[in-house]
Amino acid sequence: LQLLRERPMTAGALADEFSVSRPTMSAHFNVLKEADLVDTEKQGTTITYRLKVTVLEGALLDFAEAVDLNLAAASRAR
């Protein structure tokens, strides 16, 4: 996700950044697609991935809110 935050990248360019097999990368790409965190564009045999910033921003805001609530509850418990 950090790489895609900088710019859209092809599946091959992303795979080159990691020392895992192509099938493993494909499985990770599928998880990102199912989580609706990325958009894909296929041109011939090349797939380009683009981060869906709005979805990620929403997830991060939800996470931050949950952490704040947990911290407030922990403070009250002391």
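1. Some words on the overall build of the protein chain
At step 1: When its secondary structure is counted, the protein chain shows four helices and three strands.
At step 2: Each helix and strand of the protein chain, placed in order from N terminus to C terminus, yields the pattern α-β-α-α-β-β-α.
At step 3: Contacts in the protein chain between residues far apart in sequence, at least 24 positions, make up 32% of those at least 6 positions apart.
At step 4: Carbon and sulfur atoms form 53% of the exposed surface of the protein chain, whose accessible area is close to 6,000 Å².

2. Focus on the pairing of strand β3 (residues 46–51)
At step 1: Where strand β1 (residues 9–10) and β3 come together, two bridges link them in antiparallel fashion. Bridging across to β3, Thr 10 finds its partner in Thr 48.
At step 2: Sheet analysis places strand β2 (residues 38–43) next to β3, joined by six bridges and oriented antiparallel. In the strand pairing of β3, Val 38 is matched with Leu 51.
At step 3: Adjacent in sequence and paired antiparallel, β2 and β3 are bridged by two residues, among which Gly 44 carries a positive phi angle near 65 degrees.

3. So, the sheet that holds β3
At step 1: In space, the three strands of this open sheet follow the order β1-β3-β2, with antiparallel pairing throughout. Each edge of the open sheet carries a strand with a single partner, namely β1 and β2.

4. Brief notes about the environment of Asp 39
At step 1: Mapped onto the elements of the fold, Asp 39 is located in strand β2.
At step 2: For Asp 39, a relative accessible area of 37% puts it in the partly exposed group.
At step 3: Each C-alpha atom of the pair Asp 39 and Arg 50 lies 5.1 Å from the other, and the pair is eleven residues apart in sequence.
At step 4: Discounting residues that sit within four places of it in the chain, Asp 39 has contacts with Thr 48, Tyr 49, Arg 50 and Lys 52.

About the criteria used
Residues numbered from 1 in each chain as written. Predicted model: local features only at pLDDT ≥ 70, side-chain atom pairs only at ≥ 80, totals over all residues. Heavy atoms only, no water. Helix = DSSP H or I, 4+ residues; strand = E, 2+ residues; numbered from the N terminus. Contact = heavy atoms within 4.5 Å. Areas by Shrake-Rupley, 256 points an atom, 1.4 Å probe, with all protein chains shown as cover. Pairing = 2+ DSSP bridges. Buried < 20%, exposed > 50% of the residue type's maximum accessible area, 1.4 Å probe, protein only.

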